[in-house]
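Here are the chains, one letter per residue:
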Amino acid sequence: MVHTVHGPAANALASLTPHQLDFLKKLPKAELHAHLNGSIPFPILQQLAQERETSLAHADEISNVPEIVRAGLEKLKAGVVLDQLHDFFDLFPAIYALTSNPAALARATRGVLEHFLEEQDGCPQAAYIELRSIPRETPEMTRRKYIETVLDEIERYPPERAAYIVALDRRMESRFAAECVQHAIELKNAGRRIVGIDLCGDPTAGNITEFAQYFRQAKEAGLGLTLHIAEVKECPPTETLQLLSFKPDRLGHATFLDDEAKRIVHTDEMCIEICLSSNLLCKTVPTLDVHHIRYYLSHNHPIAICTDDILPFRNSLVGEYALLMATPPLGLGLEEAEIEKIAKMGMNSRFR
Ligand code: IMP
Ligand code: ZN
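Conventions used here
Residues numbered from 1 in each chain as written. Chains lettered and ligands numbered in written order. Predicted model: local features only at pLDDT ≥ 70, side-chain atom pairs only at ≥ 80, totals over all residues. Heavy atoms only, no water. Near = heavy atom within 4 Å. Polar contact = N/O pair within 3.5 Å; in protein donor to acceptor, adjacent residues only side chain to side chain. Areas by Shrake-Rupley, 256 points an atom, 1.4 Å probe, with all protein chains shown as cover. Helix = DSSP H or I, 4+ residues; strand = E, 2+ residues; numbered from the N terminus. Nonpolar A, V, L, I, M, F, W, Y, C, P; charged D, E, K, R; others polar. Pairing = 2+ DSSP bridges. Axes fitted to C-alpha atoms, helices over the stretch in contact; angles between N-to-C directions. Contact = heavy atoms within 4.5 Å. Disulfide = S-S within 2.5 Å. Buried < 20%, exposed > 50% of the residue type's maximum accessible area, 1.4 Å probe, protein only. Core = buried A, V, L, I, M, F, W, Y, C linked by side-chain atoms within 4.5 Å. Donors = N, O, S within 2.8 Å, 3.2 Å for Na, K, Ca; no water. Tetrahedral: all angles 85-135°; square planar, octahedral: opposite > 155°, others 65-115°. Right-handed = clockwise from strand over helix to strand, strands pointing away. Salt bridge = Lys/Arg side-chain N within 4 Å of Asp/Glu carboxyl O. Arc of directions from axis to C-beta. Phe/Tyr/Trp six-rings, centres within 6.5 Å; stacked < 30°, edge-to-face > 60°. Lys NZ or Arg CZ within 6 Å of the ring centre and 35° of its normal.

Colleague: Give a description of the site of ligand 1 that names residues and reports values.
Modeller: Near ligand 1 you find 17 residues, and of these Tyr96, Ser133, Ile134, Glu231 and Asp309 are the closest. Between ligand 1 and Asp309, the relevant distance is 2.8 Å, taken from a nitrogen atom to a side-chain nitrogen or oxygen of the residue. Bound to the protein, ligand 1 loses 98% of the 490 Å² it would expose on its own. For the shell around ligand 1, the secondary-structure elements that each account for two or more residues are α5 (85-89) and α6 (92-98). Among the residues making up the shell around ligand 1, the classes are represented as 7 nonpolar, 6 polar and 4 charged.

Okay, structure coming up:
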C-alpha cells in the first residue's frame, strides 16, 4: 500500500534528476525519530477505520468513535494545515481510536515497518529504524501488552534493521512513566529489542522534574536517552538546561537553544535529530534558509535526518534527504559528499 508524499518534501523530490534520486535512494539511511502512531501509512489507517466501522455496526454499539475517526481521517486525507501546535496534537485521538487493541496496533506497526524497511523500486526508505511509541493503556490492553505487541512486530526484522524506543509523554502521570521505564528495563534485560527512552508530547505541557529519576534508571540500565527539547519558542531556557542535565545521547528538534545550551550540546556531542518537514509544517521554522540545521552543519556537529510523523506531514525519509539536496529555495543545495556524510552521522548515532 502506497504512502504518497506532498508538500515541501514532494517539491524537493520532483526537482531532482533521476541520478540524484537514485543516489538518495541507495544511500544507507537511519530513521531515528519516527513516532509509531504518527507514521502509519494513510491506506492502513483507512483500512483499520473501515474494519472498525463494520465491527461496530455488527455489535450494534452506540459510540461516538466513528464520527471522531471520520473527521480525523478526512483531515489527514486532505492534508492538515497546522496553524497552532494544538492542531497537531488534536489529530491523535482519532488515530488512537483505531490502534486501541493489540491486533490493530500490530497491524499499524507492521504497516509502519513495511513502509520504512521493505524495498520499493529496489531500495528501502531506511536501512535501519528506531521506532518510538508511548505505551498506552486501553480497555483492551495493558502498557506491558502494548510494548510487547510493538516488539513482536519489530523483532520480525533482524537487529541491524529495527529497534524500539519506549516514549514517555510529558503529560503522563509520574507513576505511569515509572511503569513504562520499568517494563522497558525488564524487557531489555530479558533480551527484547528495546534500545532507548524518549520524552515527547506537547512541549508546553507537563512537569519534567518528576521524570529525572526514570531517565537516570534507564541510563543505568544501558538504555539510550533521547529528549524532545526546545521545540517551540515558548520552551523556557531553564527547562532546556534541566533536560540537558539528564545527559541525553540525542535531542529531538532542539530548535530554540541559547548559547549556553549549545555549548553543552557541543561538549557532550549530543546528536540532533533534524525533522525538516515537521518543523516547516508546524511553523516552528519559517524557511529552510533559517533552519537550525545550517548551524549544526557549519559546526560539523552530529545530526540525523528524520521524518517525525509521515502520516500528518505526508513526507518520507528519502523526501527529507531530497530537502538536503534540492537547489534553494526548495532545498539546501548540498553536494552528494556532504549528504553521504550526514547519512553516516545518522547511522553512527544509533542506540545499538
Ligand atoms: P505514539 O507514541 O506512537 O502514540 O505516537 C504519537 C505521539 O507522539 C503523539 O501523541 C505525540 O505525543 C508524540 N509526538 C509526535 N510527534 C511529536 C513531536 O514532533 N513533538 C512532540 N511529540 C510528538
Ligand atoms: Zn517527534
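Colleague: Break down the sheet that holds strand β7 (residues 271-274) for me, with residues and values.
Modeller: If you walk across this open sheet you meet the 8 strands as β1-β2-β3-β4-β5-β6-β7-β8, and the pairing is parallel. Both edges of this open sheet fall to β1 (30-35) and β8 (303-305), since each of them pairs with a single strand only. Between one strand axis and the next, the sheet turns through 25° on average, direction left out of account. Note: β1 against strand β2 (residues 128-133), 4 bridges, orientation parallel. Within the sheet, the bridge partner assigned to Glu31 lies in β2 and is Ile129. The strands touched by helix α7 (residues 102-117) are β1, β2 and β3 (162-169); relative to β2, the strand with the most contacts, the crossing angle is about 150°.

Colleague: Tell me about the environment of Gly196, and name the residues and values.
Modeller: Tracing the backbone through its elements, the reader meets Gly196 in strand β4 (residues 194-200). Linking Gly196 and His266, residues 70 residues apart in sequence, is a C-alpha distance of 21 Å. Setting aside its immediate chain neighbours within four residues, Gly196 contacts Tyr164, Ile165, Val166, Leu223, Gly224 and Phe351.

Colleague: For the state of the cysteines, give the residues involved together with the corresponding values.
Modeller: Across all of its chains, the model carries 0 disulfides by this definition. You can see Cys123 has no disulfide; the closest cysteine sulfur is in Cys306, sitting 19 Å from it. With no disulfide of its own, Cys275 lies 5.1 Å from the sulfur of Cys306, the closest cysteine sulfur. According to the relative accessible area criterion, Cys275 is buried, its value standing at 1%.

Colleague: Could you give an account of the nonpolar core, with specific residues and numbers?
Modeller: Core analysis: the biggest nonpolar cluster contains 110 residues, and Leu168, Ile197 and Leu324 have the highest contact counts within it. Excluding residues within four positions of it along the chain, Leu168 makes contact with Ala177, Cys180, Val181, Ile197, Asp198, Leu199, Cys200, Phe211 and Phe215. One finds Ala163, Ile165, Cys275 and Ala304 within the second-largest nonpolar core, a separate group that totals 12 residues.

Colleague: I'd like a rundown of the coordination of the zinc ion (ligand 2), residues and numbers included.
Modeller: Around a metal, the perfect tetrahedron of four donors has angles of 109.5 degrees, and the perfect octahedron of six donors has angles of 90 or 180 degrees. Protein-derived coordination of the zinc ion (ligand 2) comes from His33 (NE2), His35 (NE2), His228 (NE2) and Asp308 (OD), at a distance range of 2.1 to 2.3 Å. For the zinc ion (ligand 2), the 4 donor atoms in the first shell make angles of 80 to 169° at the metal, a pattern classed as irregular. All donors to the zinc ion (ligand 2) come from one chain, and their sequence spacing reads H-x1-H-x192-H-x79-D. Residue His35 is found in strand β1, and its partner His228 is found in strand β5 (residues 224-229); the two are separated by 193 residues along the sequence. Owing to a relative accessible area of 14%, His35 belongs among the buried residues under this scheme.

Colleague: Requested: an account of the pairing of β7, with residues and values cited.
Modeller: Judged by which residues are buried, β7 turns out to be covered on both faces: Cys271 and Glu273 on one side and Ile272 and Ile274 on the other are all buried. The pairing of strand β6 (residues 250-253) with β7 spans 3 bridges and is parallel. Note on β7: the bridge partner recorded for Arg250 is Cys271. This β-α-β element, β6 to helix α12 (residues 259-267) to β7, shows right-handed connectivity. Pairing geometry for β7 and β8, over 3 bridges, is parallel. When the sheet's bridge partners are listed, Glu273 is paired in β8 with Ala304.

Colleague: A description of the pattern of salt bridges should follow, citing residues and the corresponding values.
Modeller: By the definition in use, this model includes 22 salt bridges. Residues Arg107 and Glu51 are paired through a salt bridge, measuring 3.2 Å at the closest nitrogen-oxygen approach. Here the residue Arg107 occupies a position in helix α7, and Glu51 occupies one in helix α3 (residues 42-59), the gap between them amounting to 56 residues. For Glu51, a relative accessible area of 41% corresponds to the partly exposed category.

Colleague: An account of helix α10 (residues 212-220) is needed here, citing residue identities and associated values.
Modeller: The complete set of buried residues in α10 reads Tyr214, Phe215 and Ala218. In an axial view of α10, the angular spread of the buried residues amounts to 100°, which keeps them on one side of the axis. Looking at the packing, one finds that the buried side of α10 touches β3, α9 (174-189), β4 and β5. Remark: Gly222 follows α10 within two positions and exhibits a positive phi of approximately 90°.

Colleague: I'd like to hear about the packing of aromatic side chains, residue by residue, with values.
Modeller: The description of two aromatic rings rests on the distance between their centres and on the angle between their planes. Inspection of the entire model under this criterion finds 7 aromatic pairs. Relative to Phe89, the ring of Phe88 lies with its centre 5.1 Å away and its plane at 80°, an arrangement referred to as edge-to-face. Comparing Phe88 with Phe89, the two get one shared label, buried. Judged by centre distance (5.0 Å) and plane angle (85°), the rings of Tyr295 and Tyr296 are edge-to-face. Of the residues examined, Tyr296 reaches a relative accessible area of 2% and is grouped as buried. Grouping aromatic residues by their ring pairs yields a cluster made of Phe88, Phe89, Phe92, Tyr96 and Phe313. For Arg250, the ring lying beneath its charged end belongs to Phe351, and the centroid distance is 3.8 Å.

Such coordinate-based values are descriptive only and should not be taken to indicate function.
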